[in-house]
Amino acid sequence: MNYQGKRWRTIWRNLDDPKGSIGVIDQRLLPHEFKTLTLRTMEDCAEAIRNMTVRGAPLIGATAAYGICFALREDPGNANLMAAYQTLHKTRPTAINLKWALDHMEATATQLSPAKRLEAAYARAAELCDEDVAVCEAIGQHGLEVFHQVLGTKPVGSKLNILTHCNAGWLACVDWGTALAPIFMAHDAGLPVHVWVDETRPRNQGASLTAWELNQHGVPHTVIVDNAGGHLMQHGMVDLCIVGTDRTTAQGDVCNKIGTYLKALAAHDNNVPFYVALPSSTIDWTIHDGLKEIPIEERSGAEVTHLRGKTADGACVEIQVTPDGSPAGNYGFDVTPARLVTALITEKGVCPASEDGLKHLFGR
């Protein structure tokens, strides 16, 4: 991740701390403030996931992995391991990467005696982080090939207009991101890309996080209100859509930030390709019907009724945008049926959003 000319990851171990703490970027403060936090306990990790100090399915998993390390540091026994597993698993119900990472950490610990668990757990957590970077880089390469193909259908000298929703970039992963990885690579390769950035209410993760990332990398982009996407597609101003996902079913349904389904419908109606970029850790092979089986997180209505921003004098404040006494519903995700997805872009390559497509790609 580029920030002021320095390369960052979103999570790192503080090697100079004998107690093995980790550092993370406090994403609640972006884009106006860049601050890091130190997490020292399993409870710190759980709260950081819960309150969205860290967010994005892969990064949630990485943070939970270190949460298991902290729990084992306090007590390497089986009872404490499983208690930590349950606490961390309950923090965010929709993203399957959380359970995926916890399962890896549990498997690493339980095959060893308690005395050997802590060192092995830290090593496995670091491996999961490194693997995520490699996976996201591979997603970027495969997505870049798709971008070349789409650009090749346009007149010479045209720019590639890409629409994305929410944030599936550096900040959602350990580095690179999923949906944004091919965008960064396309820009670096000299492709003339321009990104339409959905603001992504209610937390404005597009306007606050995706726009910030693209700014840092120098990628041309324009922030739009969520409901502008259909208008842009009707007027031929979008060449493709690409989003991430927090959980993908074995049949290719994708669950992503609320509003993704509406973008997919608009794309389908206007013959705009709709791609979903995902690591295989986001595939839930046990689920087949996304609408019926994926748990949809419901968060505090305060995220709808209140906004955080910067005033003219530079102060960062929170304001209320709704009348006193008006209740607010806050569904965090929706499910886009596989029939609306042009293709899935994974670390293994590109495949149809279908059971056969996924099985062929991953040999399951």
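Structure: see above.
What you are looking at is a predicted structure, and each value in this text was computed from that prediction instead of being measured.

Cut-off values and rules
Residues numbered from 1 in each chain as written. Predicted model: local features only at pLDDT ≥ 70, side-chain atom pairs only at ≥ 80, totals over all residues. Heavy atoms only, no water. Buried < 20%, exposed > 50% of the residue type's maximum accessible area, 1.4 Å probe, protein only. Helix = DSSP H or I, 4+ residues; strand = E, 2+ residues; numbered from the N terminus. Pairing = 2+ DSSP bridges. Right-handed = clockwise from strand over helix to strand, strands pointing away. Arc of directions from axis to C-beta. Contact = heavy atoms within 4.5 Å. Axes fitted to C-alpha atoms, helices over the stretch in contact; angles between N-to-C directions. Core = buried A, V, L, I, M, F, W, Y, C linked by side-chain atoms within 4.5 Å.

Novice: How should I be thinking about the pairing of strand β7 (residues 193-198) in this particular structure?
Specialist: For a regular strand, side chains alternate in direction, first toward one face of the sheet and then toward the other. By the criterion of burial, β7 is predominantly enclosed, with 6 of the 6 residues buried. Judged by which residues are buried, β7 turns out to be covered on both faces: Val193, Val195 and Val197 on one side and His194, Trp196 and Asp198 on the other are all buried. Pairing between strand β6 (residues 160-164) and β7: 5 bridges, direction parallel. Note that in β7 the partner of Thr164 across the bridge is Val197. Handedness of the crossover joining β6 and β7 through helix α6 (residues 181-188): right-handed. Summarising the sheet, β7 and strand β8 (residues 221-224) pair through 4 bridges and their orientation is parallel. Looking at the pairing, Trp196 lines up with Thr222 of β8. The β-α-β motif built from β7, the intervening helix α7 (residues 205-217) and the parallel element β8 has right-handed crossover chirality.

Novice: How should helix α12 (residues 355-362) be read in this particular structure?
Specialist: A turn of α-helix holds 3.6 residues, and therefore any two residues three or four places apart point the same way. Taken as a whole, α12 has its buried residues at Gly357, Leu358, Leu361 and Phe362. When α12 is viewed along its axis, its buried side chains cluster within an angular range of 105° and face the same direction. Opposite its buried face, α12 presents the exposed residues Asp356 and His360, each directed more than 90 degrees away. Where α12 is buried, its residues contact β10 (247-249), β13 (283-284), β17 (343-346) and β18 (349-351).

Novice: I keep staring at the sheet that holds strand β4 (residues 22-25) and nothing clicks. Help me out?
Specialist: Two pairing modes exist for strands in a sheet, parallel and antiparallel, and in both the strands are linked by backbone hydrogen bonds. The 3 strands are arranged β3-β4-β5 in an open sheet whose pairing can be described as antiparallel. Every interior strand has two partners, whereas the edge strands, β3 (11-13) and β5 (36-39), have only one. For this sheet, the mean inter-axis angle between neighbouring strands, taken without regard to orientation, is 25°. Direction of pairing for β4 relative to β5: antiparallel, over a ladder of 4 bridges. Looking across to β5, one finds that Ile22 is bridged to Leu39.

Novice: Explain the sheet that holds β18 to me, please; I cannot follow it from the model alone.
Specialist: An order of β8-β7-β6-β9-β12-β17-β18 is seen for the 7 strands of this open sheet, with the pairing classed as mixed. Lying at the two open borders of the sheet, with one neighbouring strand each, are β8 and β18. Ignoring strand direction, the axes of neighbouring strands in this sheet form an average angle of 25°. Of the strand pairs in this sheet, strand β12 (residues 274-277) and β17 are connected by 3 bridges, and their pairing is parallel. Bridging from a neighbouring strand, Tyr275 pairs with Ala343 of β17.

Novice: I would appreciate a short explanation of the nonpolar core in the present structure.
Specialist: Generally speaking, a soluble globular protein has its nonpolar side chains buried in company with each other. Among the nonpolar cores identified, the biggest contains 79 residues, and Ile11, Leu88, Phe147, Ile183 and Ile242 are the most heavily contacted of them. Ranked by residue count, the leading element in this core is helix α5 (residues 114-151), at 13 residues. Apart from the residues within four sequence positions on either side, Leu88 is in contact with Met42, Cys45, Ala46, Ile49, Ala64, Gly67, Ile68, Leu98 and Leu102. Ile224, Ala228, Val272 and Val276 belong to the second-largest nonpolar core, a separate cluster that totals 27 residues.

Novice: I tried to follow the pairing of strand β14 (residues 306-310) on my own but got confused; where do I start?
Specialist: Of the pairings in the sheet, the one linking β14 to strand β15 (residues 316-320) comprises 5 bridges and is antiparallel in character. The residue bridging Arg308 from the neighbouring strand is Glu318, located in β15. Counted between consecutive antiparallel strands, the loop separating β14 from β15 contains 5 residues, among which Gly314 sits at a positive phi close to 90°.

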